Amino acid sequence: MDRISELTEQIVERFKTSGYDVNSKEIYKRLKLLIDEFKVPEGEAVRTVTNYLMKELDVPREQLVAVESPLTKIAEIKTPGEWISLKARVVQLWDSSSPNVSQVGLIGDETGIIKFVVWSKANKPPVEEGKCYLFANVVTDSFGGRMQVNVNRNSRIEELDEDIQLPPRELEVVGALIAIQQNSGLIRRCRICNRVLTKDVCPIHGKTEAYDDLRIKGVVDDGENYYEVILNEENVRELTGIGIEEAKAIAMENLDRNSVLSELKSRLLGRYYRLKGNRGERYLIVNDIEFLNMDLEKEAGSLLGRFE
Amino acid sequence: MNEQSRSFRRAVARRVFAFELNEATHRLESGDKTIQVLLPTGEACSRIFFVGVLLDREETRPDSDFWRVRISDPTGVLRGFVGRFQPDALESLLKIEPPEIVAVVSKIRLFEGERGTLITLRPENIVPVEREVRDYWVVETAKRTLDRIENMRRGGEELVELAWQVYNPDLDSYEERVKEAVKTILDQHSAIEAARKEIEEEEEEQEGEEEKEFEAEEPGEELEIPDLEDLEFEEEEWDLSDILGE
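Residues numbered from 1 in each chain as written. Chains lettered and ligands numbered in written order. Predicted model: local features only at pLDDT ≥ 70, side-chain atom pairs only at ≥ 80, totals over all residues.

A. Representation of the overall build of chain A in the model. For chain A, the count of helices and strands is seven helices and twelve strands. Evaluated residue by residue, chain A yields a buried proportion of 27% over its 308 residues. (Helix = DSSP H or I, 4+ residues; strand = E, 2+ residues; numbered from the N terminus. Buried ≥ 20, exposed ≤ 12 C-beta atoms within 10 Å, placed from the backbone.)

Right, dumping it as structure tokens:
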């Protein structure tokens, strides 16, 4: 059965359980037009056709039995604009910065952690940190390049009596450092908020008192996955012998703060590491890191064994 | 929205030997602007992490700041271009005197010309690295390549089926080349280790003689370097003949 027939069946089924008979040929035709011809996303097409039918048959929205979106794991959320359901634990709640948002924060299951937003218009009772819920009929979205889920009017939040595990926060990675990003090396931070200054100006406090710090924002890649990592001064010093004082000396000698970054790049890029760190929403905050020390003869030997 | 979110997700850097990448000719339609090629072992690839020997760098025209590079691993040679749109790679490239072992992070380009297609690199970073990094890279890349070969034999996945259709690769000969690469590295490694041990033993014997000890203050380094260069040179020759044969 093709995708459009599947969706058609879903819609027909939904109206049937509410006691209405609808013409499946008609629905199929409308869906096909929207999806194949006009390239409307599936979720929107289904909603459009459903709305049309409700108007046509004069069905009140409350009477239509909600069709549950498929239960999904957080790691599987990859494309925005899909209707899904999640069983997840509320990891953290943040202060909402907008009157349109009643709650915002992070939820997680055993596969990952994702940001969630509850619109004020959704009119839902608030969720609590640490508790587990079923988030039914929520919509995936991407904001600032990261995936999130939105809770809207048609969603349903139901407290669960389940113990949902979160992914281990500590992660061990073996891979190569393949990029070192902007704002690495010898940087300056704001005394008040510790944010990194660009051109000696804090994004919040403007021209302020500043202090020096050494860190690396980079990408470690193992050929299957990549991890955005942050190394602090201690990590950098352990790997290179360059701490904050040495970094300042290098900058002085060359009359250029960027020379520190060049030096670190030439010593760290392209090498393999074994590292342990705590996973944040985006970055892996590194605790321990060392150059990978491998017994070549043993590794190569066991590899050659695979040919037999 | 869709495109934007995709551009934020980095492409993973694949580990692939030169011989395999050079055989890739099929561009995958990905909907956005990123260029992806299908590897003959059935995986999409738009970025690589590669460790090999920078054989030469040559400015395409005088003062153009556009450099042609050739980088070799034990299985073959990759060609690439570095220009002002790769500022990090350009800066470090100009400081390197080939031949030298380098780690390269690079995007892939596919030239489709009259006489067929050609894979070239657009390096984001080129950094001189130690021999141990190269050794590990060969082992890791061998492992990844074997995994892909096994995956091909199992069949079923969409890209795997496409690779069978497009390339119909001779997986046995692929395996043979991977095996050769690992052996080459292992032999070289053992030779160097043996030489190092010999030197250490000699040192111990000479320990009584004060003069000698003074002379060889950093014996490990001093004696290791000529060894290393010898071996690398051999490798370069081998690779050149490989190209001529093609």
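B. Spatial organisation of the overall build of chain B. Each helix and strand counted, chain B has eight helices and nine strands in total. Residue pairs at least 24 apart in sequence account for 64% of intrachain contacts in chain B once pairs closer than 6 positions are excluded. (Contact = placed C-beta atoms within 7 Å.)

C. Looking closely at the interface of chain B and chain A. With 31 residues of chain B at the interface, the matching set in chain A holds 29 residues. In terms of residue class, the side of chain B that touches chain A is built from 18 nonpolar, five polar and eight charged. (Nonpolar A, V, L, I, M, F, W, Y, C, P; charged D, E, K, R; others polar.)

D. Looking closely at the nonpolar core. Of all hydrophobic cores here, the largest spans 80 residues; its most connected members are Ile-48, Ile-71, Val-102, Ala-103, Val-104 and Val-182 of chain B. Ranked by size, the runner-up nonpolar core spans 21 residues in total, among them Val-90, Leu-106, Val-127 and Phe-135 of chain A. (Core = buried A, V, L, I, M, F, W, Y, C linked by C-beta atoms within 7 Å.)

E. Local environment of the sheet that holds strand E3 (residues 36-38) of chain B. Residue and element names in this part refer to chain B. Taken together, three strands build an open sheet; the order of strands is E2-E3-E4 and the sheet is antiparallel. Two strands bound the open sheet, and with one partner strand each, they are strand E2 (26-28) and strand E4 (44-45). Bridge count between E2 and E3: three bridges; the pairing is antiparallel. Following the sheet pairing, His-26 is matched in E3 by Leu-38. Along the sheet, helix H5 (residues 158-167) contacts E2, E3 and E4; its crossing angle with E3, the most-contacted strand, is approximately 65 degrees. (Pairing = 2+ DSSP bridges. Axes fitted to C-alpha atoms, helices over the stretch in contact; angles between N-to-C directions.)

F. Geometry of the packing of helix H7 (residues 296-305) of chain A against helix H6 (residues 171-206) of chain B. Remark: H7 of chain A packs on H6 of chain B, axes separated minimally by 10 Å, with the N-to-C direction vectors making an angle of 155 degrees. The angle between H7 of chain A and H6 of chain B falls in the class roughly antiparallel. H6 of chain B is crossed by H7 of chain A, and the crossing has left-handed handedness. Contacts from Leu-296, Glu-297, Ala-300, Leu-303 and Leu-304 of chain A of H7 of chain A reach H6 of chain B at Lys-179, Val-182, Ile-185, Leu-186 and His-189 of chain B. By residue class, the composition of the contact of H7 of chain A with H6 of chain B is seven nonpolar, one polar and two charged. (Parallel < 35°, antiparallel > 145°, perpendicular 65-115°, else oblique. Left-handed = near helix turned anticlockwise from the far one by under 90°.)

G. Structural detail: unusual backbone geometry. Following Pro-98 of chain B, the chain continues to Pro-99 of chain B via a peptide bond in cis, the omega torsion being 0 degrees. Note on placement: Pro-99 of chain B falls in the loop between helix H3 (87-93) and strand E8 (100-113). Phi is positive for Lys-199 of chain A, close to 55 degrees, though the residue is something other than glycine. Inspection of the secondary structure puts Lys-199 of chain A in the loop between strand E8 (185-190) and strand E9 (210-221). Classification of Lys-199 of chain A by C-beta neighbours within 10 Å gives exposed; the count is 5. In this structure, Leu-255 of chain A is a non-glycine residue whose phi angle is positive, near 55 degrees. When you line up the elements, Leu-255 of chain A lands in the loop between helix H5 (244-254) and helix H6 (258-268).

H. Quick look at the confidence of the model for chain A. This prediction gives chain A a mean pLDDT of 89; 98% of its residues lie at or above 70. Averaged pLDDT values over the elements of chain A bottom out at 86 in helix H1 (residues 3-17) of chain A and peak at 96 in helix H4 (residues 233-240) of chain A. (pLDDT = per-residue confidence, 0-100.)

I. Here's a closer look at the pairing of strand E3 (residues 112-119) of chain A. Residues and elements named next belong to chain A. Among the eight residues that make up E3, six are buried, leaving the element largely enclosed by the rest of the structure. Inspection of the sheet shows strand E2 (residues 101-109) paired to E3 by eight bridges, in the antiparallel sense. Each bridged residue has a counterpart across the sheet, and for Val-101 the counterpart in E3 is Trp-119. Remark: two residues form the turn of the hairpin made by E2 and E3, two consecutive strands paired antiparallel. Pairing geometry for E3 and strand E5 (residues 146-151), over four bridges, is parallel. What sits directly across from Phe-116, in E5, is Val-149.

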